[in-house]
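Descriptive analysis of the structure
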Amino acid sequence: MDDRIRLTRPKRRTLPDFDGRLRALSSGQSAWKCLRSGGESALLLGLGPDDAWPAVGSQVFWLEAPGLQQKLAQSPPSAWRKVTLEEALALFPNATVWLYEPGLQFAPDFWMHVLGSLFAASLPFRTTEQKTALLFGDASALLHIELLETLQRAGFTCVERLPDGWEKHPEHALAEACHDVTPTICLAVNGRGLDSQGRLFGLLRALSIPCAIWFVDNPWHVLSGIRLPWWKEADLFVTDASFVPLLRQEGAKSVHALPLAFAWHMWRSLRPDAGKEAPLFVGRTVFPGRDRYFAACHLPPTLLEEAKILLSERKILPDVHWWYNKLRPRFWPGTGARLSGLGAESCSLINKTQWIDALSLHGLRLVGDSGWSALLPGKLCEPSVDYYTVLPTYYAQSSCVLAVTSFLLPHSLSQRHFDVWAAGGFLLSDPTPGLAIFPEELTRPITLNSPMELRHMDSACIAAKETAGLQEAWRTCLWENHSYLNRWQTICSVCLNTERPVSQDPRLANEK
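As the structure is a computational prediction, the values presented were derived from the model and not from experiment.

1. A word on the sheet that holds strand β12 (residues 235–238)
Strand order across the open sheet formed by six strands is β9-β8-β10-β11-β12-β13, with parallel pairing between neighbours. What marks the edges here is a single partner per strand, and that holds for β9 (157–159) and β13 (254–257). The sheet shows a mean angle of 25° between the axes of neighbouring strands, direction not considered. Judged from the four bridges that link them, strand β11 (residues 211–215) and β12 form a sheet pairing that is parallel. Of the residues in β12, the one forming a bridge with Phe215 is Val238.

In structure tokens form, the structure reads like this:
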């Protein structure tokens, strides 16, 4: 007979979180975070599920989210005093303050308001005439160089990074990075620079600083890394207008379509000797980190086969919305939308391969990664070139450049839809609905409905230089309406209530 005593862990108490999912309440010292130290009294923000409180003195004050104390059946020592938010504001600067971090999962809106208010009242932010924008990132980050130049042209000083280790105390880090000057606005590309708990966002909101999040990738993929609902309170912008209703259905309060624009460094004068070389396609087979990102996703084989049949018939394209309709994922919270993304990404690669193969009948210069060698046997693929120095010349030299829209953003425009014209090149595009932001007389001559149409196109037609007038018209349109300065003006019109420029998308004509 086995006389050994079986040891079991004590069962943790569970409560429904903000989304109704049962979660165990963490306990012990590791569940507590010290927000500030040195005060003689202690202020506890939350109580937790047991009496494993942090070390505190005899004078203790506490604040709990409405209704949570009853659910916890928690009874703090009688000598401790419950306080209101107003009383906590007075205590905060001179107390040692502890936050029960797991509590954010159960009352995120309440704690975002509390934490934002406490830090906004205690940090020495001051208002000046200086216009300051938070634009977190560096030269390697997506769109950072383009937006940094744009904001500087618009008269803004930019704060690009927080001090090392900022995640421990994000509010203090922000004050230090801004030299205590109150920022005018925050622009976060794909949420870059904002902590997942929403503490920076809560501080910005308490200071009445608007925060714009611009999703230039699939928004559900970006949001799958955010676990709390603070993002629904931000001003959201998407490069693909088809995501606007989906985000609003999920509870986002301010969502706006905002396409990409031409990059300043791309703008070159038209050269009469340009356009002499072979048609060009530039692009990767997969985005960086694709396999790691989709590691937990496994597509139903029968559904993938159905999608491949649709691609061959080309009556309905199996883009990400097709996959959403088939798989019916929970968009947020969680990573449920990623499986649909994998389906769309897989089909998108097949689609791009079909277009490139059709273009190769007219000659082809293919620039990308080594993955094309396996997909297009016998086609020479040149390695990627620098976007800021070499690529503009490639665009100008080619008889045409093909743009194929990703199925992850099926109603969007790629950077090529703008940059090719800016560099002095000529663009051919697949029929993305995103082209609706441009006049039809510009889009009709450059839009191809299928790879088969490209395959049967006369090569002489591709290289014809009756396109000069069309190039000039496109460049005029872009310069007047589709620079990143235009996009910044649109963001400011939404976030700062400045004068709004003329709408650049007819689908948004009725949108404030």
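2. Focus on the side chain of Asp195
Checked against the element boundaries, Asp195 lands in the loop between β10 (185–189) and α6 (199–206). Buried and without a salt bridge, Asp195 has Arg199 as its closest oppositely charged side chain, separated by 5.5 Å. Those residues in contact with Asp195, other than ones at most four positions away along the chain, are Trp166, Leu200 and Trp230.

3. Observations regarding the nonpolar core
By size, the foremost hydrophobic cluster in this structure holds 102 residues, and its most contacted members are Leu45, Leu174, Trp220 and Trp231. By residue number, the principal contributor to this core is helix α3 (residues 108–122), which donates seven residues. Discounting residues that sit within four places of it in the chain, Leu174 has contacts with Phe125, Leu134, Phe136, Leu162, Leu200, Leu203 and Leu204.

4. Brief notes about unusual backbone geometry
That bond from Trp332 to Pro333 is cis: its omega, -5°, falls within 30 degrees of zero. Relative to the helices and strands, Pro333 is located in the loop between α11 (320–327) and α12 (338–359). Despite not being glycine, His179 shows a phi value in the positive range, around 55°. In this fold, His179 is placed in the loop between α5 (170–177) and β10. For His179, a relative accessible area of 63% gives the class exposed. Although it is not a glycine, Asn190 sits at a positive phi angle of roughly 55°. Note on placement: Asn190 falls in the loop between β10 and α6. Of the residues examined, Asn190 reaches a relative accessible area of 19% and is grouped as buried.

5. A few points about the packing of aromatic side chains
For any two aromatic rings, the description comes down to two numbers: the centre-to-centre distance and the angle of the planes. Taken as a whole and assessed by the stated rule, the structure comprises 26 aromatic pairs. Between Trp220 and Phe331, the ring centres sit 4.9 Å apart and the planes meet at 20°, which makes this aromatic pair stacked. In this pair, Trp220 is assigned in helix α7 (residues 219–223) and Phe331 in the loop between α11 and α12, connecting sequence segments 111 residues apart. Of the two residues, Trp220 and Phe331, neither departs from the other in class, the shared state being buried. Linked through ring pairs, Phe418, Trp421, Phe426, Phe438 and Trp474 together constitute an aromatic cluster. If you follow Arg365 out to its NZ or CZ, it ends over the ring of Tyr394, 4.0 Å from the centre.

What counts and what doesn't
Residues numbered from 1 in each chain as written. Predicted model: local features only at pLDDT ≥ 70, side-chain atom pairs only at ≥ 80, totals over all residues. Heavy atoms only, no water. Pairing = 2+ DSSP bridges. Helix = DSSP H or I, 4+ residues; strand = E, 2+ residues; numbered from the N terminus. Axes fitted to C-alpha atoms, helices over the stretch in contact; angles between N-to-C directions. Buried < 20%, exposed > 50% of the residue type's maximum accessible area, 1.4 Å probe, protein only. Lys, Arg positive; Asp, Glu negative; His and termini not counted. Salt bridge = Lys/Arg side-chain N within 4 Å of Asp/Glu carboxyl O. Contact = heavy atoms within 4.5 Å. Core = buried A, V, L, I, M, F, W, Y, C linked by side-chain atoms within 4.5 Å. Phe/Tyr/Trp six-rings, centres within 6.5 Å; stacked < 30°, edge-to-face > 60°. Lys NZ or Arg CZ within 6 Å of the ring centre and 35° of its normal.

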